[in-house]
Every structure is written in structure tokens, then in C-alpha cells.
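The primary structure of each chain is shown beneath.
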2 protein chains.
Amino acid sequence: MTLTIQTSAIQYKDKVIQVLDQQRLPHDEVWVISTTPEEMVEIICSLKVRGAPLIGMAAILSLAQLAENGADMSEIRLAAQKLKQARPTAVNLAVYIDRVIHAAAQADDYRAEMIKAVQAIFDEDVQLCARVSEAGARLIQEGETLLTYCNTGSLATAGNGTALGVIKRAYELDKAIRVIACETRPVLQGGRLTTWELMKAQIPHTLICDNMVGHLMSLGKIDRVLVGADRIAANGDVANKIGTYSLAVLAQFHGIPFHVVAPYTTIDLHCPSGDCIVIEERPAQEVRGGWSPAETPVYNPAFDVTPARLVTSYILDSGVVKRVGP
Amino acid sequence: MTLTIQTSAIQYKDKVIQVLDQQRLPHDEVWVISTTPEEMVEIICSLKVRGAPLIGMAAILSLAQLAENGADMSEIRLAAQKLKQARPTAVNLAVYIDRVIHAAAQADDYRAEMIKAVQAIFDEDVQLCARVSEAGARLIQEGETLLTYCNTGSLATAGNGTALGVIKRAYELDKAIRVIACETRPVLQGGRLTTWELMKAQIPHTLICDNMVGHLMSLGKIDRVLVGADRIAANGDVANKIGTYSLAVLAQFHGIPFHVVAPYTTIDLHCPSGDCIVIEERPAQEVRGGWSPAETPVYNPAFDVTPARLVTSYILDSGVVKRVGP
């Protein structure tokens, strides 16, 4: 059995992993090669690959590569540990690694089992994206303007995406929607990646700075907010890209539905509430850019937590869910 | 009578106007020369000079220069019309120009009267900044963390500033404050200019992206919000830098005091409410930067309106004012 993977942002063929360098999008479409788990850790940490599901899938692909190159289980376990620590907030990284290691550990032919497990995770993610997209698209009404955040499309998943998957599916179904894409400082996943995907899909859209959301909402120009998630706690609290919480507060203030779109793989039942989620802090230079004083102190959390009470509904692969109790 | 002006960001001496190019701060301190009203219009439109009071003062300095160079009243009136149209939202530009033209129109020696009027406006702004700073500093409690937005310091006024003036005065009075500066996309006046002023004043501060405000508020890390204003309507509605409205909503949601700091010259009694304030839209390229697709559609309003009901109090030169009726 050989493993072959092809998504919009990651490829695996003949033991070679290629990752579309998302830091260089939209201007350059450059694929970087990963030959070792250490290289994959660097690729993940430097955000060349990003998006909660895709980070997890990039990591397990690196483990599959290691196995196909003849590593034994102790080497694979060591690599798994390193990969798990690359980024702390998204749940998929640890969960997918555990799933693959668990499959290997129970098997006689651990290589074959790992490859099977990796293939299954990729295949499943494509299916899950299709299901959340379908469930969400049914919610979208003709003529709505949908606000989305960060990038939650085919650059963040193996499939069509989560929140952006819903948007693309609604558009496929001929609903005359418009999209407002927030640029999503400091890494600009919205300004660089979501605009790129929306242009490819020819969906009418407008790019704004994150601080313009309230103004647009006050003018009645946003009908619905759709965001992804990096981890959903058992009580429904949602860790997602920094700024999501502000969007949720603004949406509630203006009476605008706020939806979290995610497959079940984003739900962490071991995590009772948002308080338990580790929020990654990233380098100051991402915020300073080239324009702020080089010594100016910076706070740069990559994520925030939106409490369940601010979420109108969760668009899951199993359907749309609304919390009705505390 | 000769006119000589010296502020942190603008100089006039021997009929030469020099403007500190705020687009090149903090890395380069370059002064550009304006020799005609047409050049000053370009300097204002390209944000080399910015800040509601300072834009107005730069414009009247350009008129004074024209008068000192021998222009007659009809030429001066024509230049005044061009300068007035440079930017629509801040009230000071039109008001200061009208004050200077009015003074000239009623005088035998219109040059002398214009110079006197310009000098008076600069002198008055320094005094007004001192008074709002003093009034606001009394509100600030020991140990508070103050969030501020855009740049409202000595780069935006002839004096010490408005919201940032309050912060600087509180620090001078030995209150152990900390400042959170929002970068203020798309032009980054917070990230480039406010950090620069805070570093010069050695006030402890942290730079964040605008989308991090809600997260910090939810963690209880912001005690008070202080912003400036470009125009305050008669009913208390406030036009200010885009993103101010979102801050006001977030502050109210978290029960955090939200103060608008401005001298009386920012109040426009001819404007009954925020609905009457023209919101300037600026070029898409400011939002796209170098990183978004070159063709992606953009919405780029430079200001928004915060309704009076979201303002805890107004810190004016005449003291701190709270609205108690509709």
C-alpha cells in the first residue's frame, strides 16, 4: 500500500511532502519540501502551513513519511512528540497524531496501519468539510452579506473548508451572496488567503480591516457572521483566531447571527471549558511589522476564546446545533 | 508683525512652512516644505500631516504664507476653498479656515489680521490641550491600564495632545499607569506614531493589533479607554478614526469607561447628530498594502461615528461632561 495525497495546499507522492507556502500567497505560489519531522515543525511554526485541520494533517503526513523511510516505532514516537509541540491551541494536531500512533501501536505491520490511518484522516476531512458546508449553506438566505474571518477554506483543510466552505457551497447553490473578508491582523490570513480563494471562486467580496466590522454592522450591512474554530470545549466555548471574540461581541450587540463552523474533530471533550485552552503567543515582530519602533513592547496572542453564550449556533458535520441550556 | 510657529510636527519661519512627514515616522524624521496651498493640499491628503486640529492649523498656515507672499484676498479665498476640500470629516479644517478668512475680511490690513488670527489659533490649541490633559489626568487612578487609539498626541495638535495628552499628564503627575496602544489599521497611526511618542515620554506601553482589544478586555486588563475626536455633533455623537465605534461597543459590553477627549473646537454645533457627518473614504491601496491581491475590492472608510449613548464622559477643556438626557 502506498500513500498519495493531493489537496489544495499539501501533496504527498513517492515519499515526498510538498507544502504550498502560505506565507508567500497570494503573490507567489511556491511549494516547499519537507523531508523530516524537524523540517515540518519549522514549516508549521512559521505558518507556511496553517489552519487547524491542515496543521494536524501536515504533521501526520510527516510521520507517514518517516515510517515509509524505514523509521522504527521509537523514532516515530519521538518525532510525534516534537510535532505535537509545534503549536498548542488547535486540537487537531495532537488528536490526529494520537490517532495515527495509536493505530500503529496496535498493529503488527505498523507502517501499513499508519498509512491507512493517515489516508482515512484526509478522506474523512474532505467528507466533513462537505457535510458542514452543506449544513451551513441551507442556513444562508438569498441576498445575504456574510462576514468571515481569517481563512477557513481549502487552504486550511483537506477539503472545501469550514466557514468558507459554507460560503462557497451557498454560492454554488446560486444564492446571491456577498462576502466581507476581514484582513485578520497580524498574519493577514483574510487579506491574503481568503481573498485569494474568493477570487478563484469568483464570489463577490470586499476586503476590510478588522476594526471596520462594528461600523459596517451599525450600518446594517452584515447579515451573518461565519467563523471557524481551532478548538471547541465541551461546554461550547470556542478558541479561534485572535479577534473572533470581538466579532462575537459586536454581532450580539447588533443582533446579528454568529455561527461557528467546524467538524466534530475540532471538539475537545477532554476540555471542559475555554479556560483550559492554552492560547499561543507568537513573536512580537508579527505585530511590529516593518513600521513600528523596533523596541516597542508587544502583546501577540494568536487566539482568543469566545464563550458559548455568544454563539448563535454551531454548524457541524452532524447538522446545526444550538445550545439551549447553560 | 511676523509669524513664527514651532510645534512638534509643524514649523513656520521666514515664510517657510516645514511639516514633519508623519508617513515616514517612526523610522525617518523628514521635514517636507510647503510653498503653496496646492502643495499643502497634497501634504494633507497624503497624511503627511494628520490629526484633526493639526490639519486645520497646517491649512491656515498655508493661507498665512500666501498672504505674507503678497496674495490678495481673492487669491486667498480661492486657496481657502481648495484647502477646505482636502479632507471632509474633521471639523477643525473648515472652522479654522473660516475664522482666518473672517478676520481678514473685516480688517483694513488683512495680512496683519490673518497673521494675528493664525497665531491665536495655535496659541489657543496649546492652551486647550493643556486644559483637557489636566481635566482628564484627574480622572485617571493610580495603577490603571489605559487603552488608546490612533494618535492624539503632539503629532496631532499644536500642544501636548488630547487623549494622549491626558495620558502624558497623568504620567507626569506620577500615576503608575500603563498604556495599551492599538495599531490602528490601515494607516497605523497607533503602531507608528503613538508608540513613538510613548517611547519618547518613557511611558510603559504595549502595542497590540486592533482585533486584540476584546480579548484583553475579557481578561480584565483594560481599566479605561481614551480616544480623541474629529468632530462631535451637537447631540454628542462622535466621529473619530475608523474602529473607535467598535472600541466603544466592546467597552460598554465589558463595563469599561469610554472617554472622548477633545477641546471645544472639535464640537460642531451646526451638526445636530452623527448622521450629518460626512465619512471620508480613502484609497483601497491603504488596506490592500503590498500583500492582498491587487484586484481585490476594498471598503476603506477613514472614520466611524460613535453614538453619544456609548460615551461614558467627554473630557473637554471646560472640564468633564456627562450626558444625562437623550
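For the structure itself, consult the block above.
Described in the following lines is the structure provided in the data block. Quick caveat: nothing in here was measured; it's all calculated off a predicted structure.

Topic: the overall build of chain A
For chain A, the count of helices and strands is ten helices and 15 strands. Compactness check: chain A gives a C-alpha radius of gyration of 19 Å against a globular reference of 20 Å for 326 residues, within 12% of the reference. In terms of its C-alpha atoms, chain A occupies a principal-axis envelope of roughly 60 × 50 × 40 Å. Among the 326 residues that make up chain A, the fraction classed as buried is 64%. Considering only contacts in chain A between residues 6 or more positions apart, those separated by 24 or more positions represent 74%. Surface summary for chain A: the accessible area is close to 11,800 Å², and the carbon and sulfur share equals 52%. Counting 30 positive and 36 negative side-chain charges, chain A places the averaged centre of each group 3 Å from the other.

Some points on the relation of the copies chain B and chain A
By a simple turn and slide, chain B fits onto chain A: the slide is 0.0 Å along the axis, the RMSD is 0.0 Å, and the turn is 180°. Here the copies are linked by what is in effect a two-fold axis. In this assembly, 100% of the residues forming the interface of chain B have copies in chain A that are likewise at the interface, indicating an isologous arrangement.

Quick word on the packing of aromatic side chains
Aromatic ring pairs are described here by two measures, namely the spacing of the ring centres and the angle between the planes. Counting across every chain of the model gives zero aromatic pairs over all chains. The positively charged end of Lys 241 of chain A is found above the aromatic ring belonging to Phe 303 of chain A, 4.5 Å away from the centroid. The positively charged end of Lys 221 of chain B is found above the aromatic ring belonging to Tyr 299 of chain A, 5.9 Å away from the centroid.

Here's the deal with the pairing of strand β2 (residues 10–13) of chain B
All names here are of chain B. Along β2, the buried face is formed by Ile 10 and Tyr 12; none of Gln 11 and Lys 13, which line the opposite face, is buried. The loop that links strand β1 (residues 5–6) with its antiparallel partner β2 comprises three residues. Pairing of β2 with strand β3 (residues 16–20) involves four bridges; the strand directions are antiparallel. Within β3, the position partnered with Lys 13 by the bridge is Val 16. Linkage of β2 to β3, two consecutive antiparallel strands, is achieved through a turn of two residues, within which Asp 14 is found at a positive phi near 50°.

A few points about the packing of helix α2 (residues 52–68) of chain A against helix α5 (residues 110–139) of chain A
All names here are of chain A. α5 packs onto α2 with a crossing angle of 160° between their chain directions and a minimal axis gap of 10 Å. Put simply, α2 runs roughly antiparallel to α5. The way α2 lies across α5 gives a crossing that is left-handed. Across from Pro 53, Met 57, Ile 60, Leu 61, Leu 63, Ala 64, Ala 67 and Glu 68 in α2, the residues of α5 making contact are Arg 111, Met 114, Ile 115, Val 118, Ile 121, Phe 122 and Asp 125. Taken together, the residues of the contact of α2 with α5 break down into twelve nonpolar, no polar and three charged.

Observations regarding the interface of chain B and chain A
Contacts between the two partners involve 51 residues from chain B, matched on the other side by 51 residues from chain A. Taken over both partners, the interface formed by chain B and chain A buries close to 4,100 Å², and the fraction arising from carbon and sulfur atoms is 66%. If you sort the residues of chain B by the area they bury against chain A, Asn 211, Trp 291 and Tyr 299 of chain B come out on top, with a joint share of 17%. Counting across the chain B and chain A interface gives two salt bridges. When the shortest N-O distance is used, the salt bridge between Arg 185 of chain B and Glu 183 of chain A registers 2.6 Å. If you look at where chain B meets chain A, you find 26 residue pairs in polar contact (both at pLDDT 80 or more). Elements represented by at least two residues in the side of chain B that touches chain A include exactly α7 (189–200), β7 (205–208), α8 (213–218), α9 (244–254) and β13 (303–306) of chain B. It is α9 of chain B that provides the largest number of residues to the side of chain B that touches chain A, a total of seven residues. For the side of chain B that touches chain A, the per-class residue count stands at 27 nonpolar, 18 polar and six charged.

A look at the nonpolar core
Within the largest apolar cluster, 72 residues are counted, with the highest numbers of intra-cluster contacts made by Val 225 of chain A together with Val 225 of chain B. Contact partners of Val 225 of chain A, with chain neighbours within four places excluded, come to Leu 147, Met 217, Leu 247, Ala 251, Ile 256, Pro 257, Phe 258 and His 259 of chain A. Val 49, Ala 58, Leu 61 and Ala 103 of chain A belong to the second largest nonpolar core, which has 51 residues in total.

Observations concerning the sheet that holds strand β5 (residues 145–148) of chain B
All names here are of chain B. With mixed pairing, seven strands are arranged side by side in an open sheet as β7-β6-β5-β8-β11-β14-β15. In this open sheet, the two edge strands, each paired with only one partner strand, are β7 and β15 (319–321). The mean inter-strand angle of the sheet, taken between neighbouring strand axes irrespective of direction, is 25°. When strand β8 (residues 224–227) meets strand β11 (residues 258–261), the two strands line up parallel, connected through three bridges. Across the sheet, the residue bridging to Val 225 is Phe 258, located in β11.

Some words on the pattern of salt bridges
Residues and elements named next belong to chain A. Tallied over the entire structure, the rule returns 30 salt bridges over all chains. A salt bridge links Asp 28 to Arg 24, with the nearest nitrogen and oxygen atoms 3.5 Å apart. For Glu 113, the salt bridge goes to Lys 116, with nearest N and O atoms at 3.3 Å. Pair noted here: Glu 113 and Lys 116 are both in helix α5, with a separation of three residues, about one helical turn. Taking the relative accessible area as the measure of exposure, Glu 113 reaches 26% and is therefore partly exposed. Through salt bridges with shared partners, a single ionic network connects Arg 87, Glu 280, Arg 282 and Glu 286.

Here's the deal with the environment of Pro 263 of chain A
All names here are of chain A. In this structure, Pro 263 sits in the loop between β11 (258–261) and β12 (267–268). Exposure remark for Pro 263: the relative accessible area of 2% places this residue in the buried category. As a C-alpha pair, Pro 263 and Gly 290 span 27 residues in sequence and 37 Å in three-dimensional space. Sequence-distant contacts of Pro 263, defined by excluding residues within four places in its chain, comprise Leu 128, Val 132, Thr 162 and Asp 317.

Regarding the sheet that holds strand β2 (residues 10–13) of chain A
One open sheet holds the four strands; their spatial order is β1-β2-β3-β4 (chain A), and the pairing between them is antiparallel. Each edge of the sheet is formed by a strand with only one pairing partner; in this case those strands are β1 (5–6) and β4 (31–34) of chain A.

Things to note about helix α4 (residues 92–105) of chain B
Under the 1.5 Å per step criterion, the end-to-end length of α4 of chain B is 19 Å for 14 residues, consistent within 8% with the ideal 20 Å. Where α4 of chain B is buried, its residues contact α2 (52–68), α3 (73–84) and α5 (110–139) of chain B.

Some words on the state of the cysteines
Residue and element names in this part refer to chain B. One pass over the structure, following the stated rule, counts zero disulfides over all chains. No disulfide involves Cys 45; its sulfur sits 17 Å from the nearest other cysteine sulfur, which is in Cys 150. With relative accessibility at 31%, the residue Cys 45 sits in the partly exposed group. Left unpaired, Cys 209 is separated from the closest cysteine sulfur, that of Cys 182, by 9.4 Å.

Conventions used here
Residues numbered from 1 in each chain as written. Chains lettered and ligands numbered in written order. Predicted model: local features only at pLDDT ≥ 70, side-chain atom pairs only at ≥ 80, totals over all residues. Heavy atoms only, no water. Helix = DSSP H or I, 4+ residues; strand = E, 2+ residues; numbered from the N terminus. Rg over C-alpha atoms; globule rule 2.2 N^0.38 Å. Buried < 20%, exposed > 50% of the residue type's maximum accessible area, 1.4 Å probe, protein only. Contact = heavy atoms within 4.5 Å. Areas by Shrake-Rupley, 256 points an atom, 1.4 Å probe, with all protein chains shown as cover. Lys, Arg positive; Asp, Glu negative; His and termini not counted. Charge placed at Lys NZ, Arg CZ, Asp CG, Glu CD. Least-squares fit on C-alpha atoms with pLDDT ≥ 70 in both. Phe/Tyr/Trp six-rings, centres within 6.5 Å; stacked < 30°, edge-to-face > 60°. Lys NZ or Arg CZ within 6 Å of the ring centre and 35° of its normal. Pairing = 2+ DSSP bridges. Axes fitted to C-alpha atoms, helices over the stretch in contact; angles between N-to-C directions. Parallel < 35°, antiparallel > 145°, perpendicular 65-115°, else oblique. Left-handed = near helix turned anticlockwise from the far one by under 90°. Nonpolar A, V, L, I, M, F, W, Y, C, P; charged D, E, K, R; others polar. Buried area = accessible area lost by both parts, 1.4 Å probe. Salt bridge = Lys/Arg side-chain N within 4 Å of Asp/Glu carboxyl O. Polar contact = N/O pair within 3.5 Å; in protein donor to acceptor, adjacent residues only side chain to side chain. Core = buried A, V, L, I, M, F, W, Y, C linked by side-chain atoms within 4.5 Å. Expected span 1.5 Å × (residues − 1). Disulfide = S-S within 2.5 Å.

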